[in-house]
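Coordinate inspection notes
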Amino acid sequence: MNQLFRTLLITLLFSTQLSAQEISRSFELRYFKIDTSANGITDFHGETEVFNTDQRIDFLRQYGKIASTFFNDTELNKEVVSSEEKQTFLKQFKPQPKPEIRKLIDTEVWKWAVSNEDEPKEKSTQLVQWAVGKGVQIINGQLMFENNNTTIEDNIPMQKWRFSFQWDLSISDIKQPFDFSLSDGQAIALNVGVDKKGKLYYSSGENIIQTTKYKVGQTSNCKLEIDLINNAYNFYINNTLVADFVPLKSKELVQIDHFSFSGNKGIILDNIWGVSYKLQDIKPVPYNMNTFIDENFESELNMKGWVLSEYDDAQWKETRLPKVHGGERFAGESLYLRKKVSIGEYQRAVLNVETIDPGGEIYVNGKVVEVVRDRHPVHLDISEYLIPNAENLIAIRVKPNFLSVPMHHAPSDHNVGWFLGRVQLELTAKTFINEVLVNANNANNPALMRHKIEVVNNQNSTFSGSMHIKYYPWFPEESEVAVADTIIPIKIKATSRMGLDQIIQLGNPELWTPDRPFLYKVTASLSDENKVQLDDYVITTGVRTVDQEGGTFRLNGQPAMLNGAQTMGYRMPLDKLATWNLCPPDSVLAEEILMIKKMNGNLLRVHIHAESFKPQGVNDPRISEMCDQLGIMCIWQTPAWIRTGGWWNVDFEGYPKYMKQVYNHPSIVMWEVTNHPWAANPYTVQESNAFFKKVVETVYPVDQSRLISPTSQNHTFSFANDEGTIDDQGNIMEAVPEYTAPMITRGNQDSYTGYGKKWDVIRAIPSDYHKDFLASPDRAYFNFEHEESAGQPNWSLMKGKPWYHVPSYEWDYDKGSIGRNLQYNEWKESQAWQAFSAWESMKKQRLADYDGFSWCNLHGGPNMGTYRKPLIDCLGHAKLAYYVNRMIFQKVVAGSNNVDVVFGPLDDIQPFIINLGKGEKVDIEIILKDAENNVIETITHTQIPLPSGRTITQLPAFKP
């Protein structure tokens, strides 16, 4: 920055206190120019800009320095959620309670195997090639060295860019040296191994570096990440980095096509796996990956008769559901699962399957009982297929999944994970409870709880009896004392079903809120006229209402906001991007939800998909169960949802089925039917009306207790105002009543700082279009997907990864917003731009009274790890924008009320305080500091009354 600006950099620090305790901290960065040219409106980059491009980048450099210090992450290398935090949550997480009358057969652990029947591997031939004449032998699915001074070597496809190579190593004796090398057939590229003294070593250039003692007597995973562009590599042992991007032996090496294992008798190798990465000229997917070696030394399983009880599954592995399989390594392989269950006498047996994605078959005792061709929940009566008082076999095949039309952010691997959701086998009487759906009609005292219960009578005589409903506190603390107890007499004709719609009062209710997510266990038990209990149904739920009365999003009758981010589902490591897209492990789901919680967020927008024009998404009850207990609200998609394409492609048949599967979870506050369902041409008024009509006809019969977002991009359709009286061409129109139906809400993907936009776009918040929606007295307005600005990761954390210094398709955004593309060594400035612009944009949106935000995207992973928009990098480290979101999401937050970047001598600073919640009196301290962190001025206001609700309090303006 030139001399004019150098000494006039000002940091505004806002500290808000309640009863001498700090409740909020925020900061802003501004420049002051002692020149009248700086008076009035000044853009960062735009018509009224004062900076040139170099000065803008210097401003960002200063911002990054100040912000990283303010957020206590000066190196910008902190993981958002630690392994310990994930494990702590999972240990404390409560599984759903079980019924006491109906019998649940244990179906948690299954045997599983995989096989590719279309392209069977010639495993026997491959295994012989590994062992013949090489001094090794395959024993129990592992490669064992039989002689000393044994070498196993082979060629691999030519590697010229980046690749990974790994294996499992077992050394039983400290005197068993081992060496692995890669080469071009002549020149050695690297060596790693264990020397005669048991020390682990690796080559670094021409040197050999000894490290710690190798742990003998256990199996260790050894992994190399080789970067031939930068002539360096990483070496990991059991995911611990041993060699950090050290140089290869030869600087002239341009290709590698040979590997060698050398060692003595007793050494065991297993799971040798190599993956090649290759650049391609496709912007959203800049490189592809391909497995070039994959050997586990196990023989191909004989699958003949796998559906029969007598089939020998001793070589199959065990898993807890859900179980997922996928990725290019396993393309075309079906997933097979078996479960043996012992049952006694029964009247009715039902198999409940969360999903078989994308489809498959269900067998019972060798007979196919269902062919599943969609992702719908499965409720299958298998009474006639089971054998009473015997051991029975349930077998399920999940067919492989392959993307025919990948979405914009999908990985190069199109083998998106196929999986079996959780399964329950229930034994009930012939008269049974089929469904219990519960929601709160209000959150008063007493709360009015609505129960929609379906009872089925499969007997040939009329049933007379009663339904007994009880409420018990369940989370965070459980009680055996019922706090509500209601008996309802019922009578059902022979071979028929009936629905109950019952309101029950719950006195002194504990409400479910993000700050205190309280849950009840609700039991519904069915008894006959002799008071013999026949069946029961158990759920957990919360007393929670959502509405948009007065045009404001309200939770339990109080103004609130939905603040958080969306997840697209692409989770590292790279080989799991496709596999875990729809069904990750519990720990990964826990990490994502904890990321939101630690950001002061309360919203997870479930936005998981990979296919572009077909219904795809998730209805994973694990997400809602975790969010129930962590206090995170969800915008819920279901697999009926579509990202793009014609709205008629929505699976409207499946949508109600998915809704009922997760209905009782209070964390779900909004149903989202589509994302931005573009068609070849803009939608007509008739098409737009038809869509909204279809949405309401589909969703309303099941649930009117939650908000409904037909689309997260209202711009997609013809409606140009909240009442639906003007179309997008400015013509008078008439919207169908469903467009303004109760619980239908509004929102768009308002990106004010992304895609290269200049500063005047932020200044214009809200536009005339947005003012109409924001001023609605009947409907809330959300920013469903923002901010679309990009920030590079800390590249020092990415060395050796395939996406290291690979340009993103978003790179050119810098030109429009800053003035030129930021280079890789300006990654801090890049993060500073993303954070600085996010604060100013979100601040303006909060002042305009938006009802909530969902950042796109929570964490990296899309676009093969090159997506720059996320708040968290693809390895889990926070970017500056993550901290800024945490700052703007404070319930009480202060700032200045304009977005001028440079102030002149006649300009005032107008501070404000935003409050969300109950009314308080607070003190606020505003500290002005210069570039050297010297305090210039301190301004204090005491006992400022903050009105309750979602309010803005203006403070006296001042000139520094």
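Look above for the structure.
Residues numbered from 1 in each chain as written. Predicted model: local features only at pLDDT ≥ 70, side-chain atom pairs only at ≥ 80, totals over all residues. Heavy atoms only, no water.

1. Quick look at the overall build of the chain
- Scanning the chain from N- to C-terminus turns up 13 helices and 53 strands.
- In terms of C-alpha radius of gyration, the chain reaches 31 Å, essentially the compact-globule figure of 30 Å for 960 residues.
- Along the first, second and third principal axes, the C-alpha set of the chain runs to 90 × 85 × 55 Å.
- In the chain, of all internal contacts separated by at least 6 residues, the share reaching a separation of at least 24 is 73%.
- Both charge centroids of the chain, one from 96 positive and one from 118 negative side chains, sit 3 Å from each other. (Helix = DSSP H or I, 4+ residues; strand = E, 2+ residues; numbered from the N terminus. Rg over C-alpha atoms; globule rule 2.2 N^0.38 Å. Contact = heavy atoms within 4.5 Å. Lys, Arg positive; Asp, Glu negative; His and termini not counted. Charge placed at Lys NZ, Arg CZ, Asp CG, Glu CD.)

2. Thoughts on the packing of aromatic side chains
- This structure, assessed with the given rule, holds 64 aromatic pairs.
- Between the aromatic rings of Phe180 and Phe261, the centroid separation amounts to 4.9 Å while the plane-to-plane angle is 50°, which identifies the pairing as tilted. Of the two residues, Phe180 is situated in strand S9 (residues 178-183) and Phe261 in strand S16 (residues 256-263); the sequence distance between them amounts to 81 residues. You'll find Phe180 and Phe261 in the same group, each marked buried.
- Relative to Phe717, the ring of Phe692 has its centre 6.1 Å away and its plane inclined at 85°; by these criteria the two rings are edge-to-face. One end of the pair, Phe692, is in helix H8 (residues 685-699); the other, Phe717, is in the loop between strand S44 (707-711) and strand S45 (746-748), with 25 residues separating them in the sequence.
- With a relative accessible area of 1%, Phe692 lands in the buried category.
- Assessed through its relative accessible area of 1%, Phe717 is described here as buried.
- Directly above the aromatic system of Tyr472 lies the positively charged group of Lys521, at a separation of 5.1 Å from the ring centroid.
- Sitting over the face of the ring of Tyr739, Arg746 holds its NZ or CZ atom 3.7 Å from the ring centroid. (Phe/Tyr/Trp six-rings, centres within 6.5 Å; stacked < 30°, edge-to-face > 60°. Buried < 20%, exposed > 50% of the residue type's maximum accessible area, 1.4 Å probe, protein only. Lys NZ or Arg CZ within 6 Å of the ring centre and 35° of its normal.)

3. Section: the sheet that holds strand S19 (residues 317-320)
- Strand order in the open sheet made by the 6 strands is S19-S4-S21-S27-S24-S25, with antiparallel pairing throughout. Each end of this open sheet is capped by a strand with a single partner; those strands are S19 and strand S25 (367-372). Each strand axis lies, on average, 30° off the axis of its neighbour in the sheet, ignoring direction.
- Sheet topology note: the strand S24 (residues 360-364)/strand S27 (residues 390-398) ladder contains 5 bridges and is antiparallel. For Val364, the partnering residue across the bridge sits in S27 and is Ile394. (Pairing = 2+ DSSP bridges. Axes fitted to C-alpha atoms, helices over the stretch in contact; angles between N-to-C directions.)

4. Considerations on unusual backbone geometry
- Cis geometry marks the peptide bond from Met572 to Pro573; its omega dihedral reads 10°.
- With an omega of -5°, the peptide bond between Ile765 and Pro766 qualifies as cis.
- With respect to the helices, strands and loops of the structure, Pro766 is situated in the loop between helix H9 (760-763) and helix H10 (768-774).
- A positive phi angle, near 45°, is found at Thr495, a position not held by glycine.
- In this structure, Tyr755 is a non-glycine residue whose phi angle is positive, near 60°.
- Among the residues examined, Tyr755 registers a relative accessible area of 44% and is labelled partly exposed.

5. Brief notes about empty space enclosed by the protein
- Following the criterion strictly, the structure yields 7 cavities of 30 Å³ or more and no others.
- The computed volume of the largest cavity comes to approximately 160 Å³.
- For the largest cavity, the lining is made up of 18 residues, of which Thr355, Phe419, Asn619, Asp620 and Pro621 are closest to its centre.
- Mapped onto the lining of the largest cavity, the elements with two or more residues apiece are helix H6 (621-630) and helix H7 (655-662).
- Of the residues in the lining of the largest cavity, the class split is 8 nonpolar, 5 polar and 5 charged.
- The calculated volume of the second largest cavity comes to roughly 120 Å³.
- The wall of the second largest cavity is formed by Ala790, Gly791, Gln792, Trp795, Pro807, Ser808, Glu810, Trp811, Asp814, Tyr824, Ser830 and Arg868.
- In the lining of the second largest cavity, the residues fall into 5 nonpolar, 4 polar and 3 charged. (1 Å grid on protein atoms, 1.4 Å probe; cavity = no way out; pocket = protein on both sides within 12 Å on 5 of 7 lines; lining within 4 Å. Points joined across faces, edges and corners; volume = space filled by probe spheres on them. Nonpolar A, V, L, I, M, F, W, Y, C, P; charged D, E, K, R; others polar.)

6. A few points about the environment of Lys65
- Mapped onto the secondary structure, Lys65 falls in helix H2 (residues 53-70).
- Given the relative accessible area of 57%, Lys65 is considered exposed.

7. Things to note about the sheet that holds strand S37 (residues 546-547)
- Taken in spatial order, the 3 strands make up an open sheet running S37-S38-S39, and their pairing is antiparallel. Single-partner strands in this sheet number two, and they are S37 and strand S39 (558-559).

8. A short note on the pairing of strand S22 (residues 348-353)
- For S22, the buried fraction is high: 6 of the 6 residues fall into the buried class.
- The two faces of S22 match: Arg348, Val350 and Asn352 on one face and Ala349, Leu351 and Val353 on the other face are all buried.
- Of the pairings in the sheet, the one linking S22 to strand S29 (residues 423-428) comprises 6 bridges and is antiparallel in character. Within the sheet, the bridge partner assigned to Val350 lies in S29 and is Glu426.

9. Considerations on the layout of surface pockets
- Each pocket or cavity is described by its volume, and for the second largest pocket that value is around 950 Å³.
- Looking at the second largest pocket, it is lined by 30 residues, and the ones nearest its centre are Asp515, Lys891, Leu916, Gly917 and Lys918.
- Secondary structure elements with two or more residues in the lining of the second largest pocket: S39 and strand S50 (911-917).
- Per-element tally for the lining of the second largest pocket: the top contributor is S50, with 3 residues.
- Among the residues making up the lining of the second largest pocket, the classes are represented as 12 nonpolar, 12 polar and 6 charged.

10. Some words on the pattern of salt bridges
- With the rule as written, the count across this model stands at 54 salt bridges.
- Where Glu108 meets Arg320, a salt bridge forms, and the shortest distance between an N and an O atom there is 2.6 Å. One end of the pair, Glu108, is in the loop between strand S3 (103-105) and strand S4 (109-115); the other, Arg320, is in strand S19, with 212 residues separating them in the sequence.
- The exposure class of Glu108 is partly exposed, given its relative accessible area of 39%.
- Across the salt bridge formed by Glu826 and Arg820, the nearest N and O atoms sit 2.7 Å from each other. (Salt bridge = Lys/Arg side-chain N within 4 Å of Asp/Glu carboxyl O.)

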